[in-house]
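Structure assessment
This is what each chain is made of:
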Amino acid sequence: MIENVFSGSDVSEFRIWMGWADRYVILTHMGPDGDAIGSSLALCHYLKSKGKEAVVLVPDSAPDFLSWLPGASDIKVFADDPDASEALVYKADVLCCLDFNVVGRIGKVAASFLYSKAKKFLLDHHPYPGANYDVTLSHPEASSTSELVFHFICALGDFSLINTEIAQCIYTGIMTDTGALSYNSNNSNLFNVVASLLEKGVDKDSIYRRVYNNYSESRLRLQGFVLCDKMEVFPEMSTALITLTDKELQRFNYKKGDTEGFVNMPLQINGVLLSAFFREDKELGIIKLSFRSVGNVPCNRFSSDFFNGGGHQNAAGGEFRGTLSEAVKRFKKGLQEWSRSNEDCIKQLFVK
Ligand code: 5GP
Ligand code: MN
């Protein structure tokens with residue numbers, strides 16, 4: 001039996017909007033990942049099946065390994081046509097905000113979002129949602145926003161409208177946000193949801209292959225280079241750091257999404273509890289930061305304390321404006337500061 005995380009009253013306002021609202025724009029975060037795209041497309045398909053006009057708008061494009069998802073080719077990319085994208089936002093009756101908590105995460109879409117008179121709806125699993133929404137459904141304990149989309153549709157009484165396409169989108173988001181159900185997924189209810197998605201026609205092994213076994217040769221060689229030459233391990237700090245410059249990325253024909261998962265690799269080392277990955281992004285003029293941790297080591301706190309970033313306890317990120325070596329310097333200084341902290345969760349990092 002699936003236990004719904006939402007009650008009828010949680011979804012009652014959205015249900016009222018659906019009585020009059022025709023145009024829905026679904027927004028998700030910069031650097032959209034499997035959960036961002038999966039949850040957005042699932043909701044988009046659902047709204048269309050209810051006879052609504054619905055479109056997914058992303059700040060920048062999604063990686064190629066998600067391009068097979070049903071409806072992916074209809075996604076609008078703000079960076080491709082800012083004027084048309086703004087017009088979409090202004091014309092919307094309802095803006096659905098998926099897989100992000102604060103508007104800073106939608107980059108250049110934020111301005112039109114803030115000025116829009118549309119109803120604003122947040123459905124998300126990141127802690128600390130912002131205050132810009134008419135309805136906020138925030139469940140940080142959920143595996144993924146995609147799992148929440150499943151519950152949301154069911155709470156609206158439309159389990160029967162979840163077809164294979166919607167189920168594929170939802171499963172992809174759950175899979176990518178849990179490392180194929182290997183973390184953040186100790187929850188029998190989630191497995192009941194997955195079972196139900198399988199019954200809806202999802203081929204989970206095929207989705208795994210399409211997402212994870214779909215690399216270019218140069219991407220796999222980049223992974224080898226990273227592990228051999230670019231991973232620094234600080235055993236006394238239970239920490240590891242990977243950095244990549246733009247030049248190194250170009251040498252391996254870098255394509256968006258190629259570095260996905262790199263930040264998790266050092267956690268395979270016995271004793272490493274905190275892992276960081278810093279990538280120079282010449283296009284955006286930033287250093288993109290990713291953090292992962294194990295157990296009660298709060299990598300989102302590390303990211304917010306030292307880099308003004310955020311995220312979940314075990315998966316966080318941020319942006320750094322400066323050079324890669326400045327970011328590394330701040331990282332090392334941050335580690336020293338943490339090691340002086342007295343809090344148990346942080347001390348765990350430095351217990352040998
Ligand atoms: P990833 O390392 O996969 O890019 O991001 C992991 C998680 O960190 C995301 O799910 C999101 O919660 C958070 N995150 C990533 N980038 C940023 C950022 O620039 N700012 C904030 N506040 N959170 C981020
Ligand atoms: Mn997510």
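These numbers were taken from a predicted model, which means no experiment stands behind them.

Concerning the sheet that holds strand β2 (residues 53-58)
The 6 strands lie next to each other as β3-β2-β1-β4-β5-β6, forming an open sheet whose pairing is parallel. Both edges of this open sheet fall to β3 (76-77) and β6 (135-138), since each of them pairs with a single strand only. The sheet contact formed by strand β4 (residues 94-98) and strand β5 (residues 119-124) spans 5 bridges and is parallel. In the sheet register, cysteine 97 faces β5, and the bridge partner there is leucine 122. With respect to the sheet, helix α2 (residues 34-49) is in contact with β1 (23-28), β2 and β4, its orientation differing from that of β2 by roughly 165 degrees.

Structural notes on the coordination of the manganese ion (ligand 2)
All of the protein donors around the manganese ion (ligand 2) are Asp35 (OD), Asp99 (OD), His125 (NE2) and Asp177 (OD); their distances to the metal are 2.2 to 2.4 Å. The sequence pattern formed by the donor residues of the manganese ion (ligand 2) is D-x63-D-x25-H-x51-D. Taken together, the residues span a long stretch of sequence, with aspartate 35 in helix α2 and aspartate 177 in helix α6 (residues 164-177) at a distance of 142 residues.

Considering the packing of α6 against helix α7 (residues 188-199)
Following both chains from N to C, one finds α6 and α7 inclined at 145 degrees, their axes separated by 10 Å at the closest point. Note that α6 runs across α7; the crossing there is left-handed. On α7, the residues that touch Ala167, Ile170, Tyr171 and Ile174 of α6 are Leu190, Val193, Val194 and Leu197. A breakdown of the residues in the contact of α6 with α7 according to their chemical character gives 8 nonpolar, no polar and no charged.

Focus on the pattern of salt bridges
Scanning the entire structure with this criterion turns up 9 salt bridges. Note that lysine 256 is salt-bridged to aspartate 60, the shortest N-O span being 3.1 Å. Of the two residues, lysine 256 is situated in the loop between α10 (246-251) and β9 (274-281) and aspartate 60 in the loop between β2 and β3; the sequence distance between them amounts to 196 residues. By relative accessible area, lysine 256 is classed as partly exposed at 35%. Judged by relative accessible area, which is 18%, aspartate 60 ranks as buried. For lysine 204, the salt bridge goes to aspartate 205, with nearest N and O atoms at 3.0 Å.

Comments concerning the packing of aromatic side chains
For any pair of aromatic rings, geometry is given as the distance between the ring centres together with the angle between the planes. Inspection of the entire model under this criterion finds 21 aromatic pairs. Note on phenylalanine 307 and phenylalanine 320: the rings are 6.0 Å apart at their centroids and 80 degrees apart in plane angle, and the pair reads as edge-to-face. Of this pair, phenylalanine 307 sits in helix α11 (residues 299-307) while phenylalanine 320 sits in strand β12 (residues 315-320), placing them 13 residues apart in sequence. Note on accessibility: phenylalanine 307 and phenylalanine 320 belong to one class, buried. Ring pairs connect the aromatic residues Phe278, Phe291, Phe302, Phe306, Phe307, Phe320, Phe331 and Trp338, which therefore count as one cluster. The cationic tip of lysine 120 hangs over the ring face of phenylalanine 113; the distance from NZ or CZ to the ring centre is 4.8 Å.

Description of unusual backbone geometry
The general pattern is negative phi for most residues beyond glycine and trans for most peptide bonds. One non-glycine residue, asparagine 184, lies in the positive phi region at around 55 degrees. Inspection of the secondary structure assignment puts asparagine 184 in the loop between α6 and α7. Its identity as a non-glycine residue notwithstanding, serine 238 has a phi of 55 degrees, on the positive side. Within the secondary structure layout, serine 238 lies in the loop between β7 (231-234) and β8 (239-244). When its relative accessible area of 6% is taken as the criterion, serine 238 is described as buried.

A short note on the site of ligand 1
Inspection of the region around ligand 1 gives 14 residues, with His126, Lys288, Ser290, Arg292 and Ala316 positioned closest. The side chain of histidine 126 places a nitrogen or oxygen atom 2.8 Å from an oxygen atom of ligand 1. Arginine 292 is positioned with one of its side-chain polar atoms (N or O) 2.9 Å from an oxygen atom of ligand 1. Within the residue set of the shell around ligand 1, elements represented by two or more residues are β10 (286-293), β11 (310-311) and β12. When residues in the shell around ligand 1 are grouped by element, the largest group, 5 residues, is from β12. Taken together, the residues of the shell around ligand 1 sort by class into 2 nonpolar, 8 polar and 4 charged.

Thresholds applied
- Residues numbered from 1 in each chain as written.
- Chains lettered and ligands numbered in written order.
- Predicted model: local features only at pLDDT ≥ 70, side-chain atom pairs only at ≥ 80, totals over all residues.
- Heavy atoms only, no water.
- Pairing = 2+ DSSP bridges.
- Helix = DSSP H or I, 4+ residues; strand = E, 2+ residues; numbered from the N terminus.
- Contact = heavy atoms within 4.5 Å.
- Axes fitted to C-alpha atoms, helices over the stretch in contact; angles between N-to-C directions.
- Donors = N, O, S within 2.8 Å, 3.2 Å for Na, K, Ca; no water.
- Left-handed = near helix turned anticlockwise from the far one by under 90°.
- Nonpolar A, V, L, I, M, F, W, Y, C, P; charged D, E, K, R; others polar.
- Salt bridge = Lys/Arg side-chain N within 4 Å of Asp/Glu carboxyl O.
- Buried < 20%, exposed > 50% of the residue type's maximum accessible area, 1.4 Å probe, protein only.
- Phe/Tyr/Trp six-rings, centres within 6.5 Å; stacked < 30°, edge-to-face > 60°.
- Lys NZ or Arg CZ within 6 Å of the ring centre and 35° of its normal.
- Near = heavy atom within 4 Å.
- Polar contact = N/O pair within 3.5 Å; in protein donor to acceptor, adjacent residues only side chain to side chain.

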